[in-house]
Structures are given as structure tokens and as C-alpha cells.
Amino acid sequence: MCMTKVSMSHVKKKYDNFILSDINFQAKEKEIIGLIGENGAGKTTLLKSIGGINKIDFGTIKKDFKELGFCFDSIPFPEELNILQLEHVFQNIGINWDTQAFWPYIKALQLPTKTPISNFSKGMKMQLNLCISISHHPDLLLLDEITSGLDPLMRRKVLRLIKKYVDQNDCSVIITTHNLNDVVEICTRFDLLDHGKIILEKSMQNFGPENLEKLFEETVQKAKLGE
Ligand SMILES: Nc1ncnc2c1ncn2[C@@H]1O[C@H](COP(=O)(O)OP(=O)(O)OP(=O)(O)O)[C@@H](O)[C@H]1O
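Residues numbered from 1 in each chain as written. Predicted model: local features only at pLDDT ≥ 70, side-chain atom pairs only at ≥ 80, totals over all residues. Heavy atoms only, no water.

Colleague: Sorry, what's going on with the packing of aromatic side chains here?
Modeller: Aromatic ring pairs: the centre-centre distance and the angle between the two ring planes describe each pair. Applying the stated criterion to the full structure yields six aromatic pairs. Consider the rings of Phe102 and Trp103, whose centres lie 5.0 Å apart with planes at 70 degrees: the pair is edge-to-face. Arranged with centres 5.7 Å apart and planes meeting at 80 degrees, the rings of Phe190 and Phe207 form a pair that is edge-to-face. Of this pair, Phe190 sits in strand E8 (residues 189-194) while Phe207 sits in the loop between strand E9 (197-203) and helix H7 (209-224); the two residues are 17 residues apart in sequence, bridging distant segments of the chain. For Phe190, a relative accessible area of 1% gives the class buried. Phe207 sits in the buried class, given a relative accessible area of 19%. Three or more aromatic residues joined by ring pairs make a cluster, and in this case those are Phe90, Trp97, Phe102 and Trp103. (Phe/Tyr/Trp six-rings, centres within 6.5 Å; stacked < 30°, edge-to-face > 60°. Helix = DSSP H or I, 4+ residues; strand = E, 2+ residues; numbered from the N terminus. Buried < 20%, exposed > 50% of the residue type's maximum accessible area, 1.4 Å probe, protein only.)

Colleague: Got a minute to help me understand the environment of Leu46 in this structure?
Modeller: Mapped onto the elements of the fold, Leu46 is located in helix H1 (residues 43-50). Under the relative-accessibility criterion, Leu46 is labelled buried at 0%. Setting aside chain neighbours within four positions, we find Leu46 in contact with Met8, Leu20, Ile23, Leu35 and Leu193. (Contact = heavy atoms within 4.5 Å.)

Colleague: Just to check I follow, could you spell out the state of the cysteines for this structure?
Modeller: Such a bond, covalent and formed between the sulfur atoms of two cysteines, is termed a disulfide. This model, assessed by the stated rule, comprises zero disulfides. In this structure Cys71 is a free cysteine whose sulfur lies 8.9 Å from that of Cys131, the closest cysteine sulfur available. The thiol of Cys171 is unpaired, and the distance to the nearest cysteine sulfur, on Cys71, comes to 11 Å. Given the relative accessible area of 0%, Cys171 is considered buried. (Disulfide = S-S within 2.5 Å.)

Structure, rendered in C-alpha cells:
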């Protein structure tokens, strides 16, 4: 049976000038869900609501995951440390941490282990963030624009790593991205957001980047015209 990791029902989140409204959304085990939409559509707000980082104003979120992993744009660890030092800290703070899993990820992405993290590029920090997140063995992984700022080769490596993690674990992933190739390459489903609403949800069978872009444009255009 395919387990649901998170289920949202009629969720609303209000900011002064924005409402995420009437969100009904489910993520099931093994799904990799791409959240797409124009700038300011509400992708990060939705992701943060799922992760409990945002307090919702209305509706319910049923959480059936055991361990949450997430990567948002801020780095939640001390940047003056290098990877060797940071890994030592994780080993010793008594959290769910798998050293054996962590080092092969670092090796695969060729991240330097003795350079202070403060000297890493934005892309390198994102990669490290991902390696740390999946070394806690999350069964729900939230990734906010994980591929932005990555060169094409590194982007491919990161996507492969995410896909492999899902293949080998009972995990579901929700990823926000502006790169529709990310969705085509690893997602099993996408949800298109527009002005705080999910206006389209589709399984990824038979979509290439061109027809996904066309569908994106047409659906957003129709929503703007109120059709
Ligand atoms: N903490 C906040 N306080 C007030 N408004 C916010 C806050 N966070 C986000 N917003 C607003 O909510 C709306 C949706 O923002 P969000 O970051 O979720 O969009 P997004 O789809 O992820 O955009 P992008 O693709 O540009 O990253 C925007 O209008 C933004 O200004």
C-alpha cells in the first residue's frame, strides 16, 4: 500500500498582500512532486507550511512522516566550520545521523572537506545542505530551488542523488523549481501554483520540457483571464 506522508485539506496562509488559499494536496511515498509557478505564486510558502516553518491560518495538515528533511536558502549550520568539523558535530549531538551515508554523498558531489563553509559558493552550500538533509534519513524531503545556481553537470549529479535516495528509501520529495527540466527529469507529478492556488496537478507521464512549458503558459494564461 502506498503511504501518504502528508495531506493538506483546505489550507490557508495569509500574509499582508498574499493568500495561499484552499490548498488540498497530498504527497505519497516514492512521489517526487515538482511545485512550479511564476515568481511569487506561493511555492515556498506552501513548502514552509508543509514543513511547519509557517503557521497556517486555516485548514488541516495531516503529517504521517517520521523524519523531515529540508533545504531552504538559508544554511542552518555554522559556516566557520569545514565539512570534517561539521560532520563531527553531527556525530556528537545525538540526532538521527548516518555517517556512513554522508561521506559517499560528499564524495559524489566532490565537495572540499577542509575549506570553511563560508568560502563555499551558493551552489556548493546548497549541495552540502542536501547531503546533510538526506543523511538524517528523512521520509519527507522538502527542497526549495535546490538546483538554482548549479552548473549543468552539478545539477544533473544533484538530481541523480535525489532520485537514487527516493529509489532506495520510503521517502517522498517535494521540490520547488523554475527549471522545468528538473521536473521532467525526476518528478513523478507536478503541481502548478498561481496566485496562491493550485491550478493544475498532473502526473508526469509523457511530458517533455517543451510541452510542459506550453501547458504551464496556457494554464497560467487561462487563470489570468478567469476561464
Ligand atoms: N514572510 C512573509 N511576509 C509577508 N509576505 C511574504 C512573506 N513570505 C512570502 N511573502 C509573500 O508571499 C508571496 C508568495 O511568496 P513565495 O516565496 O511563496 O513565492 P514563490 O512562488 O516561492 O516565489 P519565487 O518563485 O519568486 O521564489 C509573495 O508575494 C511574497 O512577497
